[in-house]
Structures are given as C-alpha cells and as structure tokens.
Amino acid sequence: MKEFISGVAMLLILCVFLVQFTFNQVIQNKTILAENDINTFIEEIKKDGYISPEAESQLKTALKTDLKLEEDTEIVIEGDKNAAARKVRVLGGATHADYENSLIYYHIEYPIKNVIGASKFFGISDEENTAKRIREGKTASEFVQW
C-alpha cells in the first residue's frame, strides 16, 4: 500500500513538469506573435518618420489580441511621438550626425501572463505569475520630405 501512495505522489510531481512544458510552448507562441506585431509596427514607424497614434493603436490592439489581455493599458509604448519633429531619411553625402538624427527611438513593454503552469500548486499568485518583456531600439527613418 505504501508503494501505491508513493507512486501516486511521484506521478503528481511528474505531472507538474508535463504541464510546465505545455505552458512553455504556449508562451513561446505568444512571444513569437507579439514580436511579429512589433516588427510590423517598426516598419510602419519607418514609413511615417515617428510613432504615429494610428501605429500605436494598431500595435496595442494586435498585442491585446495575441497575448489574450483584458486591457491594453498594460502595454507601454514610448519613443519619438512628436509629428513636428518627424525624422527624415538620410540621403547620400550625409554625415554621421545626420544619420544619428534620422533614427527613431522606440520602447515597448508588454506582459506575459501564466508563466508557471501549476502556479496554484506552488502557491504562486496571479500577480506573481507574470513576466514583462521589453523591446527597445532605434530604427532608421525612411520618410522623405520633398
């Protein structure tokens, strides 16, 4: 009888690892979708020369859908949002300073929820069972002002 009880306990512990493997696959798929959305966003801001409200709204909507978030207020998008200071593409004969002035800065933070599969089993709350991913960088503007 004690072998049976020990076997059941070991089986329960092993199931935790199987559940975590599945959760890792789900998180990886969500992350890939989110990174594809961000790459599309970067292409949009390159064309516009700044982070437009439309591009920001589209990214928040796409991330909210792909990450299955209840609200998009958890998504933070920062960077060069001033349309008056739009970055312009550098054409031939430009200096290094001209190139640096044509870069569009962006900073994007988004949450990944349910990181640990058996969080209730380990006593981990929903607030603690969240990771935050950050992507930031600069991209060269393709906006040409005539």
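Thresholds applied
Residues numbered from 1 in each chain as written. Predicted model: local features only at pLDDT ≥ 70, side-chain atom pairs only at ≥ 80, totals over all residues. Heavy atoms only, no water. Helix = DSSP H or I, 4+ residues; strand = E, 2+ residues; numbered from the N terminus. Rg over C-alpha atoms; globule rule 2.2 N^0.38 Å. Buried < 20%, exposed > 50% of the residue type's maximum accessible area, 1.4 Å probe, protein only. Contact = heavy atoms within 4.5 Å. Areas by Shrake-Rupley, 256 points an atom, 1.4 Å probe, with all protein chains shown as cover. Lys, Arg positive; Asp, Glu negative; His and termini not counted. Charge placed at Lys NZ, Arg CZ, Asp CG, Glu CD. Phe/Tyr/Trp six-rings, centres within 6.5 Å; stacked < 30°, edge-to-face > 60°. Lys NZ or Arg CZ within 6 Å of the ring centre and 35° of its normal. Pairing = 2+ DSSP bridges. Axes fitted to C-alpha atoms, helices over the stretch in contact; angles between N-to-C directions. Core = buried A, V, L, I, M, F, W, Y, C linked by side-chain atoms within 4.5 Å.

### A word on the overall build of the chain
Line of reasoning, step 1. Each helix and strand in the chain was counted, giving four helices and three strands.
Line of reasoning, step 2. Written out in order from the N terminus, the α and β elements of the chain read α-α-β-α-β-α-β.
Line of reasoning, step 3. Relative to its length of 146 residues, the chain is extended, with a C-alpha radius of gyration of 22 Å against a globular reference of 15 Å.
Line of reasoning, step 4. Judged by the C-alpha coordinates and their principal axes, the chain covers about 85 × 30 × 20 Å.
Line of reasoning, step 5. Among the 146 residues that make up the chain, the fraction classed as buried is 30%.
Line of reasoning, step 6. Relative to all contacts within the chain whose residues are 6 or more apart in sequence, the contacts with residues 24 or more apart total 72%.
Line of reasoning, step 7. Surface exposure of the chain reaches about 9600 Å², of which carbon and sulfur atoms provide 57%.
Line of reasoning, step 8. Taken as two groups, the 17 positive and 23 negative side-chain charges of the chain have centres that lie 2 Å from each other.

### With respect to the packing of aromatic side chains
Line of reasoning, step 1. Following the criterion strictly, the structure yields one aromatic pair and no others.
Line of reasoning, step 2. Consider the rings of Phe 121 and Phe 122, whose centres lie 5.3 Å apart with planes at 75°: the pair is edge-to-face.
Line of reasoning, step 3. The side chain of Arg 86 reaches across the aromatic face of Phe 143, ending 4.4 Å from its centre.

### Considering the sheet that holds strand E2 (residues 103-113)
Line of reasoning, step 1. With antiparallel pairing, the three strands of this open sheet are ordered in space as E1-E2-E3. Sheet topology places strand E1 (76-79) and strand E3 (130-140) at the edges, where each strand pairs with a single neighbour. Neighbour to neighbour, the strand axes of the sheet diverge by 15° on average, direction disregarded.
Line of reasoning, step 2. As paired strands, E1 and E2 are joined by four bridges and run antiparallel to one another. Directly across from Glu 78, in E2, lies its bridge partner His 107.

### A look at the nonpolar core
Line of reasoning, step 1. Grouped together as the largest cluster of nonpolar side chains are 19 residues, with contacts concentrated most on Phe 41, Ile 45, Leu 59, Leu 63, Leu 67, Ile 108 and Tyr 110.
Line of reasoning, step 2. Broken down by secondary-structure element, the contributors of at least two residues to this core are helix H1 (2-48), helix H2 (53-67) and E2.
Line of reasoning, step 3. By residue number, the principal contributor to this core is H1, which donates six residues.
Line of reasoning, step 4. In this structure, Phe 41 is in contact with Ile 51, Ala 55, Glu 56, Leu 59, Ile 77 and Ile 108, ignoring residues within four places of it in sequence.

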